[in-house]
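Summary of structural features
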Amino acid sequence: MLGVAIGGSAALLSGCGGSDSSPDQTGAVGAKEAGGAASPTADNRGATGTEPVVHVDGDGRKWVGKVPLDVFFDDPLRIVEDSRPVATASASSPSSVPTVSPAPSIAPVGATATTAQPAATAGNWADAIGHDVLDDEVKKIVNRLNEKLQTVGTYNSSHLELPPHINTLAVLAEVAVEHPGEVRWKDKAKYIRDLAGRMAAEKLQQGAKSHKALQEPFEQITVLMSGSDPGGLPDSPERRPFSEVSEFFYIMKRIESGSTWLKVNVTSDEALSSSKEDVLREAGVLSVLGKVIVSEGSDYADFEDFVGYSKDLVEAGRQMTAAAHAGNFAEYDKGITRAYKACQECHSVYK
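Residues numbered from 1 in each chain as written. Predicted model: local features only at pLDDT ≥ 70, side-chain atom pairs only at ≥ 80, totals over all residues. Heavy atoms only, no water.

Ranked by size, the top nonpolar core spans 75 residues in total, and within it L145, L169, W185, V288 and Y332 carry the most contacts. Among the elements that line this core, the one with the most residues is helix α4 (residues 163-178), at nine residues. In contact with L169, other than residues within four places in its own chain, are V138, I141, V142, L145, I192, A196 and I221. (Core = buried A, V, L, I, M, F, W, Y, C linked by side-chain atoms within 4.5 Å. Buried < 20%, exposed > 50% of the residue type's maximum accessible area, 1.4 Å probe, protein only. Helix = DSSP H or I, 4+ residues; strand = E, 2+ residues; numbered from the N terminus. Contact = heavy atoms within 4.5 Å.)

We now examine the confidence of the model for the chain. On average, residues of the chain score 75 in pLDDT, and 65% of them are at 70 or above. Low pLDDT, under 50, characterises residues 1-52; the stretch is placed with 211 contacts to residues that sit more than four places away or in other chains. (pLDDT = per-residue confidence, 0-100.)

A separate point is helix α10 (residues 276-292). Over its 17 residues, α10 extends 24 Å from the first C-alpha to the last, a length consistent with the 24 Å expected when each residue adds 1.5 Å. Taken across its 17 residues, α10 has 15 buried, putting it largely inside the fold. (Expected span 1.5 Å × (residues − 1).)

So, about the packing of aromatic side chains. If you walk through the whole model with that rule in mind, you get five aromatic pairs. Measuring from ring centre to ring centre gives 5.8 Å for W125 and F242, while their planes differ by 80°; the resulting arrangement is edge-to-face. Within this pair, whereas W125 is found in the loop between α1 (76-81) and α2 (131-148), its partner F242 is found in helix α7 (residues 242-245), the two being separated by 117 residues in sequence. Measuring from centroid to centroid gives 4.8 Å for F249 and Y250, while their planes differ by 90°, and the two rings are edge-to-face. A residue is classified by how much of its surface remains accessible, and F249, at 4% relative accessible area, is buried. (Phe/Tyr/Trp six-rings, centres within 6.5 Å; stacked < 30°, edge-to-face > 60°.)

Shown next, in the form of structure tokens:
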């Protein structure tokens, strides 16, 4: 079995600022690698026994349970309303974006845990994303990683932007395992998931050692994607919780970049038409990740209001998908507005 234990946990809809489906990032230190937070227990929860308390790890980073507080922005509404074009992103090809730096830590306000039904359940992934759209996004991630891992030099210049792509690849491979559609590499998906999870567990630093730690499992992924067997892979379980193969901090960054790209780059009927394939991919990924953030392993899956925000995100993605197919910008605009409203309301409670 591949070693893919990562301290993943659902955080806030991370400020809903950023851009593109491929955000650059400030690093890939997983929660556990950062000196971090274990799952909340009876010893580190709040007075109610259900509210995760704020604690500080050995590096001085604040956490709520397993959630790093630096995923939150001080003023998400200001970020949402900033409609300036995103650097190097275009409606036809969302690719490189500026690095997103974590905001200063902010103390959480009270939120009461209640019994809630998580939005993610096995067997309904087709309602969130089509198997062809899922395949398209995975190919896009693999092509990007292939470009960035060509040499130590290309890796060094881009290693900070890689974690959201790698974590999303692990998540989408697990979705492919559970998806009812005929994903072309479905029989290889569990191995791709665990190899990507192994990559996601790495603490990325510049240099040949870190480059090699990513390159070796990535080369096995590319062989699997081509339909071949690289050989020597340990067996993998059919299913894994998303929290075992990804860190939710970076899933939030992917939500942030995708939702901002949809807002900034698709502002008219013409843009919706010319960017249809990109919109379908971004909206589908948004729906999927909206389900993932309240799946098994999420510290916030039992918070009814947070689950409600995640469901709004899922439905907003579906609404934008339907609007893109119909060429209906008015409906698309309602969908992206719904997504940002969910972010706003979430931040009014979890900040």
